[in-house]
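# Coordinates in review
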Amino acid sequence: MKILAIETSCDETAIALIKASGDLNNMKFKVLNKKVHSQIEEHKIYGGVFPSLAKREHAKNIIPVIKQCLENNNQKSKISLKKYEKEIKEILKREPDLFEAFKDFVLNIPKPEIDMIAVTSGPGLEPALWVGINFARALSLVWQIPMLPVNHMEGHMASVLLTQDTNPKSEIRKTIINFPSLALLISGGHTELVEIKNWNKYKILGQTRDDAIGESYDKVARLLGFSYPGGPQISKLANNFRKKPKDVNLNTMINFPRPMINSNDLDFSFSGLKTAVLYEVQKLGEEIKDSKVKELVAFEFEQAVTDVILKKLQKALKEKDFKNIIVAGGVIANQYIRENIENLAQNCKIPVFFPETEDSTDNGQMIAVAAYIKSFVQKPKIAPKINAQGGLTY
Ligand code: KG4
Ligand code: ZN
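Residues numbered from 1 in each chain as written. Chains lettered and ligands numbered in written order. Predicted model: local features only at pLDDT ≥ 70, side-chain atom pairs only at ≥ 80, totals over all residues. Heavy atoms only, no water.

### Side note on the site of ligand 1
- Taken together, 19 residues lie around ligand 1, and His-156, Gly-188, Asp-218, Gly-330 and Asp-362 are the ones closest in.
- Here an oxygen atom of ligand 1 sits 3.3 Å away from a polar atom, N or O, in the main chain of Gly-189.
- Within the side chain of Asn-334, one N or O atom sits 3.1 Å away from a nitrogen atom of ligand 1.
- Coverage of ligand 1 by the protein chains reaches 90% of its 550 Å² of free accessible surface.
- When residues of the shell around ligand 1 are traced back to their parent elements, those giving at least two are helix H6 (152–158), helix H7 (213–223) and helix H8 (231–243). (Near = heavy atom within 4 Å. Polar contact = N/O pair within 3.5 Å; in protein donor to acceptor, adjacent residues only side chain to side chain. Areas by Shrake-Rupley, 256 points an atom, 1.4 Å probe, with all protein chains shown as cover. Helix = DSSP H or I, 4+ residues; strand = E, 2+ residues; numbered from the N terminus.)

Okay, here's the thing in structure tokens:
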């Protein structure tokens, strides 16, 4: 089946078209098209994502992005809006500009050959989520194509199934995951250890009690004078430090805490680490302007985060006979954390699955895969009423 997926939970307007086949034990996916419009430039001055701006930007960009994903073939649209116009106006009442652009879009693009529309319904920024949800409902109605709401974190887990095949001739790759699987989800909003009992059956084993890992990267980056998102910048600084062993004598100056590393559970906490970085930056005063000192702070911070992740993973692995590890979420774009988890998995003789770096941060293709998985237990419907979920629901 062909799935069109829409993701607007944070600051990326992402749409993908994928082909999916097989049963839950033998799924195959092919990404036909994928597009992401990032709002990073717009949010930079706020030092983080500003929800009402994210909503406006999604409403502005969602049509240009979907147009890039769907082929036009110079065919005419056969859609008549008359039947649904009132209902669509109601669905898009909170996005009046989008309503006008939507009409123009469906009247000029032929209905695509797709079987299902998938949309992220949460967790995420509510105003941002609503744009995707309302847009997907309007499309579902006018095209009469059923849709499914998808949990964003299930999307991240599903992203490991998108792994690219190295053989250019076979474009479809299947990754088989055995269960129970241990998932570590590390993103801007979440830090969780999840037991995947089976696709569509999850249990949260532990989670952060305050900041998520990505969030703490972003906050530390701000303390060092860098703009949002901070993850890639901090990891670059930390890598620079690693490459320069001659500066290692600076190392003795800083030692950040590893919060909850020895706690008797699988929960995390990162706000204390961020506060420790804040105090250190204050103590360093003018010295923090020195790029070498920034690199040292970033290195020590990343080391503290990595140590905690590894320890918690090891603890979780001791608690159950997991068949493999899945690690997903924007932070796993970080090569250092990735390599360390890879080493741990190798030492524990357990397979580990990561998404491709490009599928690690928010994207539409992971939402499409999650929808395919969900379609085995929930029937997609035409324009169902959906609530945007601020919290985590599995
Ligand atoms: O999954 P994602 O795209 O969005 C959420 O669902 O939150 O994750 C975004 C987060 C941001 O906090 C960003 O700083 C972090 O992922 N991130 C990284 C790296 N690339 C992105 N963190 C550490 N190292 C990276 N290379
Ligand atoms: Zn995400």
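Text resumes after the structure shown.
### Section: the sheet that holds strand E9 (residues 324–328)
- One open sheet accounts for 5 strands, arranged E8-E7-E6-E9-E10; its pairing is mixed. Two strands close off the open sheet at either side, each with one partner strand: strand E8 (201–207) and strand E10 (352–353).
- As paired strands, E9 and E10 are joined by 2 bridges and run parallel to one another. Bridged to Ile-326 within E10 is Phe-353. (Pairing = 2+ DSSP bridges.)

### Some remarks on unusual backbone geometry
- A cis amide bond, omega 0°, links Phe-179 with the succeeding residue Pro-180.
- Considering the arrangement of structural elements, one finds Pro-180 in the loop between H6 and strand E6 (181–186).
- With a phi close to 80°, Asn-200 is a non-glycine residue in the positive phi region.
- Among the structural elements, Asn-200 can be located in the loop between strand E7 (191–198) and E8.
- Assessed through its relative accessible area of 22%, Asn-200 is described here as partly exposed.
- Phi at Ala-383 takes a positive value of approximately 40°, unusual for a residue other than glycine.
- Of the residues examined, Ala-383 reaches a relative accessible area of 13% and is grouped as buried. (Buried < 20%, exposed > 50% of the residue type's maximum accessible area, 1.4 Å probe, protein only.)

### Things to note about the state of the cysteines
- One pass over the structure, following the stated rule, counts 0 disulfides.
- You can see Cys-10 has no disulfide; the closest cysteine sulfur is in Cys-69, sitting 19 Å from it.
- Judged by its relative accessible area of 1%, Cys-69 is buried. (Disulfide = S-S within 2.5 Å.)

### Overview of the packing of aromatic side chains
- Applying the stated criterion across every chain yields a total of 9 aromatic pairs.
- A centroid spacing of 6.2 Å and a plane angle of 55° characterise the contact between Phe-105 and Trp-143, whose relative ring orientation is tilted. Of the two residues, Phe-105 sits in helix H4 (residues 96–108) while Trp-143 sits in helix H5 (residues 126–143), which places them 38 residues apart along the sequence.
- You can call Phe-105 buried: its relative accessible area is 1%.
- Here Phe-241 and Phe-299 contribute two aromatic rings whose centre-to-centre distance is 4.6 Å and whose plane-to-plane angle is 35°, an arrangement assigned as tilted. In this pair, Phe-241 sits in helix H8 while Phe-299 sits in helix H10 (residues 291–319), placing the two residues 58 residues apart along the sequence.
- By relative accessible area, which is 3% here, Phe-241 ends up buried.
- Taken together, Phe-29, Tyr-372 and Phe-376 form an aromatic cluster joined through their ring pairs.
- Directly above the aromatic system of Trp-130 lies the positively charged group of Arg-94, at a separation of 4.6 Å from the ring centroid.
- Directly above the aromatic system of Tyr-336 lies the positively charged group of Arg-242, at a separation of 3.4 Å from the ring centroid. (Phe/Tyr/Trp six-rings, centres within 6.5 Å; stacked < 30°, edge-to-face > 60°. Lys NZ or Arg CZ within 6 Å of the ring centre and 35° of its normal.)

Worth remembering: the numbers are spatial, not functional.
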